[in-house]
Amino acid sequence: MSAVRQQVLVFRELPAAQLDRLQAVHEVCVADPRRPEQRAAFEAALGRAQGLIGSSYPMDEALLARAPALRVISSISVGVDNYPLQALRQRGITLCHTPGVLTETTADTVFALIMMSSRRLLELALHVREGHWQRNIGESLFGRDVHGKTLGILGLGRIGLALARRAALGFGMPVLYHARHEVDLAAEAPELLGRVQHRGLDELLAQSDIVAVVLPLTAQTRGLMDARAFSRMKPGAIFVNGARGAIVDEGALLQALDSGRLAAAGLDVFATEPLPLDSPLRCHPRVTALPHVGSATLETREAMAEMATSNLLRVLAGQTALASYPL
Ligand code: DGY
């Protein structure tokens, strides 16, 4: 480790053990720009920071221009859509993230949304909780099977593969996927050979009973699920988003739900987060909405914080990060 204590700005709550690791070797300021009372401290610390660590806050180009000494950003997330990649590249700032440690947990969350939406679990749980279970439920509250249905996955990276394993090996589901490149299943996931097939986007939408999005948000995927895409889906299909809200045109999704084209949607992410109270998606009877909790278990959030802290410490010490995003 370098003997020179550097300036670190922590812009989101960090577990005490990780904060201790940072404070042992650097000068650390914890200031969350989302809290009005911490905004001034955040801005002052930004002006001297060599390292930033945090997540879920848009660090745009204008903000970074106020961090002239910055060398590294360590994001406690796998997604890097909150950062201006081109500006970071131009300034030679390293961007680290936390792939791998959240894969299985996020795939669990997406699969839970598939189950909740297909089997109408939120509605049924509320039926009991609100005291409506006075006699056996009838067909009007029956859900749809998940096992044996065709799952279409948009994006077959780490999380997509983990989701495909759950579906194909656990639930006997034929799995289709759409991604920029065909995945070499023989090398990456031989257990899925013959069970997972690549398709063009329109073909996948037309053939899937359930469509799940696990793509990163990029210029190419922004707005990918628009009115045209929803109109290609099977009538009565289920739509699940565990990636980023901006991949979906929410107006088009609502229209597809209200017209009856889609049976239900399970959403962990939204165009605006937290979801505004007046969003029609919040209380829609056929939407299961979660507060962006794909990776939010005690174990996984701890692993992410630990990996992000190691990334930051390593780069500030002139070492290679455990995972830096290729800029
Ligand atoms: C991630 O790791 O990208 C999660 O979505 C949290 O932002």
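As the structure is a prediction and not an experimental result, all values here were calculated from the model.

S.K.: What should I look at first to understand the packing of aromatic side chains in this one?
M.R.: Working definition: an aromatic ring pair is given by the centre-to-centre distance plus the angle between the planes. The tally for this structure, following the rule as stated, stands at 3 aromatic pairs. Ring geometry for Phe111 and Phe171: centres 4.6 Å apart, planes at 45 degrees, overall tilted. Placement of the pair is Phe111 in helix α5 (residues 103-119) and Phe171 in the loop between α7 (158-170) and β7 (175-178), with a sequence separation of 60 residues. The class of Phe111 is buried, set by a relative accessible area of 6%. For Phe171, a relative accessible area of 31% gives the class partly exposed.

S.K.: Please clarify how the sheet that holds strand β11 (residues 262-267) should be interpreted in this entry.
M.R.: Hydrogen bonds between backbone atoms are what pair the strands of a sheet, whose relative direction is either parallel or antiparallel. The strand order across the open sheet built from 7 strands is β8-β7-β6-β9-β10-β11-β12, with neighbouring strands paired in parallel fashion. Each end of this open sheet is capped by a strand with a single partner; those strands are β8 (196-198) and β12 (287-289). Direction aside, neighbouring strands of the sheet carry axes that sit 15 degrees apart on average. Bridge count between strand β10 (residues 237-241) and β11: 5 bridges; the pairing is parallel. Its bridge partner lying in β11, Phe239 is registered against Ala265. Along the sheet face, α5 touches β6 (151-154), β9 (210-213), β10, β11 and β12 and points at about 145 degrees away from the line of β10. Relative to β11, helix α11 (residues 250-258) is tilted by about 140 degrees, and along the sheet it contacts β10, β11 and β12.

Reading the values: rules and limits
- The residue numbers shown here count from 1 along each chain, following its written sequence.
- Local features in this predicted model are restricted to residues of pLDDT 70 or higher, and side-chain atom pairs are both shown and tallied only at a pLDDT of 80 or more, whereas totals for entire chains, interfaces and linings draw on every residue.
- Excluding hydrogens and water, the side-chain values take into account all heavy atoms of the structure.
- In this scheme Phe, Tyr and Trp rings, the latter by its six-membered ring, pair at centre separations within 6.5 Å, and the angle between planes marks the pair as stacked below 30 degrees, edge-to-face above 60, and tilted otherwise.
- Helix and strand definitions follow DSSP, with helices as H or I runs of at least four residues and strands as E runs of at least two, each counted in order from the N terminus.
- Relative accessible area decides the class of each residue, using a 1.4 Å probe on protein chains only: under 20% of the type maximum gives buried, over 50% gives exposed, and in between gives partly exposed.
- Two strands qualify as a pair provided that DSSP identifies no fewer than 2 bridges between them.
- Axis lines are fitted through C-alpha atoms, for helices just across the contact stretch, and the angle between N-to-C directions can take any value from 0 to 180 degrees.
- Any pair of residues with heavy atoms lying within 4.5 Å of one another is described as a contacting pair.

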